[in-house]
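So you can see what is in the structure, the chains are spelled out below.
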Amino acid sequence: MSVFSLVGVTANGVCLWLLWRHRSDDINMSSVYECSRNDIASNLSVFVAAFGVWIFQSGWPEIIVASCLAALLLRSSVRVLPVPFRNLGSSQRLRERRTLVIDGGAAKVTPLPGSPCSGWIPARALQ
């Protein structure tokens, strides 16, 4: 089990190194970064728990390490989850503000603020 955990730490370490620059680009990259970091923490916790059980000859170190790991995983989800909900609300508001007017075979799309996509669209493109 230790060998596979060491391989996992190495692979996730490489992924984390590659993701470091992009961790705040968008919600997807942030989430992948958090997952890779959590995977490293999970793999390292195997070693820490095994060492604690061996030293103390008790199962308590494993329970303590698992509780700390669960707290880390919950913290990551609390950091990542609000962003998509915020984005979901803003995309729904944008859809409500967009209007479509059919005018003699063409549709006039009311531009959204800051949107490069506006103007007349042929009606057949809408079908």
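Since we're looking at a predicted model, the values are computed, not measured. (Residues numbered from 1 in each chain as written. Predicted model: local features only at pLDDT ≥ 70, side-chain atom pairs only at ≥ 80, totals over all residues. Heavy atoms only, no water.)

Chemist: Describe a nonpolar patch on the surface, with residues and values.
Modeler: Nonpolar side chains collect at one region of the surface, where F51, W54, I55 and F56 lie side by side and expose about 520 Å² of accessible area between them. Relative to the elements of secondary structure, F51 occurs in helix α2 (residues 27–56). Taking the relative accessible area as the measure of exposure, F51 reaches 52% and is therefore exposed. (Patch = residues over 30% accessible without salt bridge, like charges linked within 9 Å, V, L, I, M, F, W, Y side chains within 5 Å. Areas by Shrake-Rupley, 256 points an atom, 1.4 Å probe, with all protein chains shown as cover. Salt bridge = Lys/Arg side-chain N within 4 Å of Asp/Glu carboxyl O. Helix = DSSP H or I, 4+ residues; strand = E, 2+ residues; numbered from the N terminus. Buried < 20%, exposed > 50% of the residue type's maximum accessible area, 1.4 Å probe, protein only.)

Chemist: Describe in detail the confidence of the model for the chain, supporting the description with residues and values.
Modeler: Within the chain, residue pLDDT values average 76, and 69% of them lie at 70 or more. Taken element by element, the predicted model of the chain shows its lowest mean pLDDT in strand β3 (residues 119–122) (47) and its highest in helix α3 (residues 60–80) (91). (pLDDT = per-residue confidence, 0-100.)

Chemist: So, the pattern of salt bridges: which residues are in play, and what are the values?
Modeler: The tally for this structure, following the rule as stated, stands at 2 salt bridges. When the shortest N-O distance is used, the salt bridge between R37 and E34 registers 3.0 Å. Separated by 3 residues within a single helix, R37 and E34 lie in helix α2, roughly one turn from each other. In this structure, E34 and R79 form a salt bridge, with 3.2 Å as the shortest nitrogen-oxygen distance. Pair noted here: E34 is in helix α2 and R79 is in helix α3, with a separation of 45 residues, a long-range link. Judged by its relative accessible area of 3%, E34 is buried. Note on R79: relative accessible area 45%, which makes it partly exposed. Several salt bridges converge on common partners, so that one network encompasses E34, R37 and R79.

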